[in-house]
Amino acid sequence: MSTPDADVIVVGAGPAGSATAFYLARAGLDVLLLEKTRFPREKVCGDGLTPRAVKQLMNMGVDIDAPGWIRNKGLRVVGGGLRFELDWPRLDRFPDFGLVRTRKDFDEIVAVNAVKKGGVRLMEGVNVTAPVLDDRSGHVVGVTTKDGTTYRGRLVVAADGNSTRLALGMGLHKRADRPMGVAVRTYFESPRHDDDYLETWLELWDDDTLLPGYGWVFGVGDGTANVGLGLLNTSAHFGNIDYRDLLKRWCKAMPAEWGFTEENMRGPIRGAALPMAFNRQPHYTRGLVLVGDSGGAINPFNGEGIAYAMETGEIAAEVIAKALRAGTPAAQERILRTYPQVLKDVYGGYFTLGRWFVEAIGKPGVMSFGTRHGLPHPRLMRFALKLLGNLTDRRGDASDRIINALSKVAPPA
Ligand SMILES: Cc1cc2nc3c(=O)[nH]c(=O)nc-3n(C[C@H](O)[C@H](O)[C@H](O)COP(=O)(O)OP(=O)(O)OC[C@H]3O[C@@H](n4cnc5c(N)ncnc54)[C@H](O)[C@@H]3O)c2cc1C
């Protein structure tokens, strides 16, 4: 057998891959991080970071006080004829602020952080096409790339996002029983570039139908605002909507002084899928570990994926480091097989609640009933912010305890 090129090969240097690589390297492992594109590069996203994501950045020592990071205090909710601000909750486990940073900068910063602080070896412009399998065991022992190069590792991590060629190469297909979102966004030069709050609009109308999803205006702080909308496949309208057109119509209805016009658009409208509630499983199979979007780790309640990408990366790294220290291949395999269950223990019940939530709001009338009767109640909205943002303390106030208890009793996703 040839010597491996690294202990672990991580494919994809988005937030999931860079976090996985960072924690693996910190555990003393030699890590090769392979990225198809070259930084800086665009990634279709809302660019919004909740306190969950901020915590991850702080834990990895990313300098969020450097220029270009725009802090926010919470969410501004617009809907049902109301407009109000909800501050991020004050918790022991998470900071009480969020951030905005375009993915053009963000992904490069997190990847370079893993290189500088962890000693990760990052290779850009490497397009991985397939896993390399051991003839005898059928286990993944490396990857091949478009230019025909093979990289071998003791283990391979699929951090290659929603398209995840690696997971597909191992026969791991999307689960049809999990919600899927689609989101589109663009940037406008706008006075709305500067905002202390992440603004979300809960009413997206397609003629006289209220759609399950929301629109957002996230100020980037550089003269532009990221403006977009996301919808869920739990509504009957899902397949028949022209998302770009819906975004254009939504922007047209915005106050004229915000400048959401074609002339002020900085870049085309781009869209992508949001794989939710662990829509690809198992998260470990025969030498391949799934993290972030490749394993469908987006929170179905709010479409947030960056925090979960980094968190699943950290969890995976812990399990992998333990496994690679095990004395025998059998012991290593036993430990790696615990990873899917560890993810279920941490997120499973909560994601099931999220699935029930998106099923409910996909039914005609439920979304409009919720916006009409829920939004006017500030206490209920503060509870909703904690529930939808997955922001609770383990032994927090009554609402934290309710959310934690519900997540515990719901069957894992
Ligand atoms: C329109 C939109 C708006 C969103 N807004 C938000 C938001 O505001 N906040 C939030 O938290 N989440 C948001 N999300 C979700 C978020 O973007 C994802 O959950 C997150 O990017 C997942 O991170 P990841 O590292 O798993 O995957 P990705 O970010 O997709 O990274 C995958 C990486 O792998 C690389 N790669 C892919 N294939 C290969 C290959 N074959 N070989 C080598 N490298 C490869 C890619 O180039 C990429 O760098 C949004 C998503 C969309 C579509």
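Residues numbered from 1 in each chain as written. Predicted model: local features only at pLDDT ≥ 70, side-chain atom pairs only at ≥ 80, totals over all residues. Heavy atoms only, no water.

## Brief notes about the environment of Asn113
For clarity, the cut-off: Helix and strand labels come from DSSP, where a helix needs a run of H or I of at least four residues and a strand needs a run of E of at least two; each type is numbered from the N terminus. In this scheme, a residue with accessible area under 20% of its type's maximum is buried, one over 50% is exposed, and one in between is partly exposed, where area comes from a 1.4 Å probe on protein chains only. In what follows, a contact means two residues having at least one pair of non-hydrogen atoms within 4.5 Å.
The topology assignment puts Asn113 in helix α3 (residues 103-118). Taking the relative accessible area as the measure of exposure, Asn113 reaches 7% and is therefore buried. In this view, Asn113 contacts Phe22, Met60, Gly61, Val62 and Gly118; residues no more than four positions away in its chain are not counted.

## Things to note about the nonpolar core
Short version of the rule: In plain words, nonpolar cores are sets of buried Ala, Val, Leu, Ile, Met, Phe, Trp, Tyr and Cys residues tied together by side-chain atoms within 4.5 Å.
One finds Val10, Leu57, Ile320 and Tyr339 to be the most contacted residues of the largest nonpolar core, which totals 92 residues. Here this core gets 13 residues from one element, more than from any other, and that element is helix α6 (residues 306-325). Apart from residues no more than four positions distant in its own chain, Leu57 is found in contact with Leu49, Val62, Ile64, Trp69, Leu99, Phe106, Val110 and Met310. Among the nonpolar cores identified, the runner-up in size contains 24 residues, and Val78, Leu229, Leu231 and Met254 belong to it.

## A look at the site of the ligand
The cut-off we apply is this: Here a residue is near a molecule or strand as soon as one of its heavy atoms is found within 4 Å of it. We call two N or O atoms a polar contact when they sit within 3.5 Å, provided that within protein one can donate a hydrogen and the other can accept it, with sequence-adjacent residues counted only if both atoms are side-chain atoms. Computed with a 1.4 Å probe, the accessible areas rest on the Shrake-Rupley method; for each residue, only the protein chains presented here act as cover.
With respect to spatial proximity, 36 residues lie near the ligand, and among them Glu35, Arg41, Gly46, Val128 and Asp293 are the closest. Within the side chain of Glu35, a nitrogen or oxygen atom sits 2.6 Å from an oxygen atom of the ligand. Between Asp293 and the ligand, the recorded distance is 2.8 Å, taken from a side-chain N or O atom to an oxygen atom. The protein chains hide 94% of the 1,000 Å² of surface that the ligand would expose on its own.

## Some words on the pairing of strand β9 (residues 128-133)
Using the following cut-off: Pairing between two strands is assigned when DSSP locates at least 2 bridges connecting them.
Both β9 and strand β10 (residues 140-145) contribute to a ladder of five bridges, which runs antiparallel. Of the residues in β10, the one forming a bridge with Pro131 is Val143. Linking β9 back to β10 in an antiparallel pair, the connection comprises six residues, with Gly138 at a positive phi of about 75 degrees.

## With respect to the side chain of Thr145
Relative to the helices and strands, Thr145 resides in strand β10. Setting aside chain neighbours within four positions, we find Thr145 in contact with Val126, Asn127, Val128, Thr129 and Tyr151.

## Examining the environment of Pro131
Looking at the element boundaries, Pro131 is found in strand β9. Under the relative-accessibility criterion, Pro131 is labelled buried at 14%. Separated by 112 residues in sequence, Pro131 and Tyr243 have C-alpha atoms that sit 34 Å apart. The residues touching Pro131, leaving out its near neighbours within four places in the chain, are Val140, Gly142, Val143, Leu166, Gly169 and Met170.

## Comments concerning a nonpolar patch on the surface
What counts here: A patch consists of residues exposed above 30% relative accessible area that lack any salt bridge, with like charges linked at up to 9 Å and nonpolar side chains (Val, Leu, Ile, Met, Phe, Trp, Tyr) linked at up to 5 Å. In what follows, salt bridge is the name for a side-chain nitrogen of Lys or Arg lying within 4 Å of a carboxyl oxygen of Asp or Glu.
A surface patch of nonpolar side chains, about 280 Å² in accessible area, is lined by Ile402, Leu406 and Val409. With respect to the secondary-structure elements, Val409 resides in helix α11 (residues 398-409).

## Regarding the packing of aromatic side chains
As a reminder, the rule being used: Two aromatic rings from Phe, Tyr or Trp, using only the six-membered ring of Trp, form a pair when their centres are within 6.5 Å; if the ring planes differ by under 30 degrees the pair is stacked, by over 60 it is edge-to-face, and anything between is tilted.
A complete count under the given rule lists 16 aromatic pairs for this structure. Plain terms: the ring middles of Phe278 and Tyr347 are 6.1 Å apart, the flat faces sit at 80 degrees to each other, and that makes the pair edge-to-face. Of the two residues, Phe278 is situated in the loop between β18 (270-275) and β19 (284-285) and Tyr347 in helix α8 (residues 339-361); the sequence distance between them amounts to 69 residues. An identical accessibility class is assigned to Phe278 and Tyr347; each is buried.

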